[in-house]
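The chain contents come next:
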Amino acid sequence: MVLTLYKRDTSPPCRSVFMTLHALGITDVVYVDVDLPGGEHLTEEYIRMNPQHTIPLLKDDEFIIWDSHAICFYLVEKYGKDNKLYPAELKQRAVIHQRLHFNGEVLYNTLKNTVVLPVIYGTDKDFKPENMDKIKATYSTTEKLLTKKWLAGDDATLADICCVSTISSMNEICPIDNKEYPRVAQWLKNCSKQQFYTRGNIPYISLFLERVMRRLAENRSK
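Values in this document were obtained by computation on a predicted structure and should not be read as measured data.

Thresholds, definitions, all that
Residues numbered from 1 in each chain as written. Predicted model: local features only at pLDDT ≥ 70, side-chain atom pairs only at ≥ 80, totals over all residues. Heavy atoms only, no water. Axes fitted to C-alpha atoms, helices over the stretch in contact; angles between N-to-C directions. Helix = DSSP H or I, 4+ residues; strand = E, 2+ residues; numbered from the N terminus. Parallel < 35°, antiparallel > 145°, perpendicular 65-115°, else oblique. Left-handed = near helix turned anticlockwise from the far one by under 90°. Contact = heavy atoms within 4.5 Å. Nonpolar A, V, L, I, M, F, W, Y, C, P; charged D, E, K, R; others polar. Buried < 20%, exposed > 50% of the residue type's maximum accessible area, 1.4 Å probe, protein only. Pairing = 2+ DSSP bridges. Right-handed = clockwise from strand over helix to strand, strands pointing away. Salt bridge = Lys/Arg side-chain N within 4 Å of Asp/Glu carboxyl O. Expected span 1.5 Å × (residues − 1). Bend = angle between axes of the 7 residues up to and from the residue. Arc of directions from axis to C-beta.

(A) Geometry of the packing of helix 4 (residues 90–120) against helix 5 (residues 129–145). It is at 9 Å that the axes of helix 4 and helix 5 come closest, and there the two elements cross at 165°. Between helix 4 and helix 5, the interaxial angle falls into the category roughly antiparallel. In terms of crossing hand, the pair formed by helix 4 and helix 5 is left-handed. Across from Arg-99, Phe-102, Val-106, Leu-107, Thr-110, Asn-113, Thr-114 and Val-115 in helix 4, the residues of helix 5 making contact are Asn-131, Lys-134, Ile-135, Thr-138, Thr-141, Thr-142 and Leu-145. Partitioned by chemical class, the residues of the contact of helix 4 with helix 5 number six nonpolar, seven polar and two charged.

What follows is the structure, given as C-alpha cells:
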C-alpha cells in the first residue's frame, strides 16, 4: 500500500480525509501540499490526474480518486477493520449519504460562497451580515437533523467527520450560539473529544482562520 494525498491543510474537505485516516489508524501516507494560489492544481500534470483540478486527491498505488466524500468511502471500505464509520444497514447508510449530500450542497457551498470566494479569493474587507445569516441558517437546519447524539445515529460515522470539518470552520467565523443551537453546540463538543478530531482537525483549523483573517487585512489595505 502506497497512499499519496494531495491536499491543503486549510481546506475543510481535506481535513475530513485527515480525520478519516486517523479514525482508521492509517499512518503510512505521503502528503503533498498543493499551492492553489500558485496554480499548482492547474498544471498539465495535475489535470491529467484530476480533470476537475480539485483537492483532496488520493493515489493508492496506481488508483486515483478525488472528492473528499468519495475518498472517505474508499478508505473505509478498503482499509476499515470494521464498519463503524459506514454501517452496513441500508437505512443508516441512506441517512449517511443524505448528510453527506447536505454537507456538499449546503454546508460547504455556504462556506465557499460566504467566506472562501468573497474573502480568500475575493476583495471583501469584512464579513457581510447577510453572509453570516446564511451560515446561521445552516446551523438551524443542522439543529433539526440532530435528532440523536450523532448525525446518523448513536455512534459517530463518516457523516459526522465530513460535516464537522465544514461546521467547525464556520464556527471560527460565525460562532455557534449554544442557546440558539444547543444540539449543534453539543454535537461539536462531542466531536471535539474524538481522537480523529483532535489529531485530524484541531492542528489545522486555526490555519484556516489565520488565512481568512490575513486576506481580510490584505483586502483592507488595498
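So much for the structure itself; the text now carries on.
(B) Spotlight on the pairing of strand 1 (residues 3–7). Of all the five residues making up strand 1, five are buried; the element is thus mostly covered by neighbouring parts of the structure. Of the two faces of strand 1, the one lined by Leu-3, Leu-5 and Lys-7 and the one lined by Thr-4 and Tyr-6 are each fully buried. Bridge count between strand 1 and strand 2 (residues 29–33): five bridges; the pairing is parallel. Residue Tyr-6 lies in a different strand from strand 2, and its bridge partner there is Val-32. In this region the chain leaves strand 1, passes through helix 1 (residues 12–24) and returns to the parallel neighbour strand 2; the handedness of that crossover is right-handed. In this sheet, strand 3 (residues 57–60) lies alongside strand 1 in antiparallel orientation, the contact comprising four bridges. Pairing of Thr-4 across the sheet is with Lys-59, part of strand 3.

(C) Focus on the pairing of strand 3. Relative to strand 4 (residues 63–66), strand 3 is paired through four bridges, and the arrangement is antiparallel. For Leu-58, the partnering residue across the bridge sits in strand 4 and is Ile-65. Where strand 3 folds back on strand 4, the antiparallel hairpin that results is connected by two residues, among which Asp-61 adopts a positive phi of roughly 55°.

(D) Structural view of the pattern of salt bridges. Throughout the structure, instances matching the rule amount to eight salt bridges. In this structure, Lys-7 and Asp-9 form a salt bridge, with 2.8 Å as the shortest nitrogen-oxygen distance. Measuring nitrogen to oxygen at the nearest pair gives 3.0 Å for the salt bridge that ties Asp-60 to Lys-78. Placement of Asp-60 in strand 3 and of Lys-78 in helix 3 (residues 68–79) is noted, with a sequence separation of 18 residues between them.

(E) Main features of helix 6 (residues 158–173). Over its 16 residues, helix 6 extends 24 Å from the first C-alpha to the last, a length consistent with the 22 Å expected when each residue adds 1.5 Å. Considering bend angle alone, the principal kink of helix 6 is centred on Val-164 and spans about 30°. Within helix 6, 14 of the 16 residues are buried, which leaves the element mostly enclosed by the surrounding structure.

(F) Region of the structure containing the environment of Tyr-121. Looking at where Tyr-121 falls in the secondary structure, it is placed in the loop between helix 4 and helix 5. Given the relative accessible area of 45%, Tyr-121 is considered partly exposed. Sequence spacing of Tyr-121 and Pro-37 is 84 residues, and the spatial spacing of their C-alpha atoms is 8.6 Å.

(G) Quick peek at helix 5. Helix length check: helix 5, at 17 residues, gives a terminal C-alpha distance of 25 Å against a target of 24 Å (1.5 Å per residue), a fit within 8%. Listing the buried residues of helix 5 in full gives Asn-131, Met-132, Ile-135, Thr-138, Tyr-139, Thr-142, Glu-143 and Leu-145. Within helix 5, the buried residues cover an arc of 160° as seen down the axis, which keeps them to one side. The exposed residues of helix 5 that point more than 90 degrees off its buried face are Pro-129 and Lys-144. Turning to helix 5, the residues buried within the fold contact helix 4, helix 6 and helix 7 (182–192).

(H) Spatial organisation of the sheet that holds strand 4. The strand order across the open sheet built from four strands is 2-1-3-4, with neighbouring strands paired in mixed fashion. Lying at the two open borders of the sheet, with one neighbouring strand each, are strand 2 and strand 4. For this sheet the average axis-to-axis angle between neighbouring strands, irrespective of direction, equals 20°. Seen against the sheet, helix 1 touches strand 1 and strand 2 and runs at an angle of roughly 150° to strand 1. Running at roughly 30° to strand 3, helix 3 makes contact with strand 1, strand 3 and strand 4 of the sheet.

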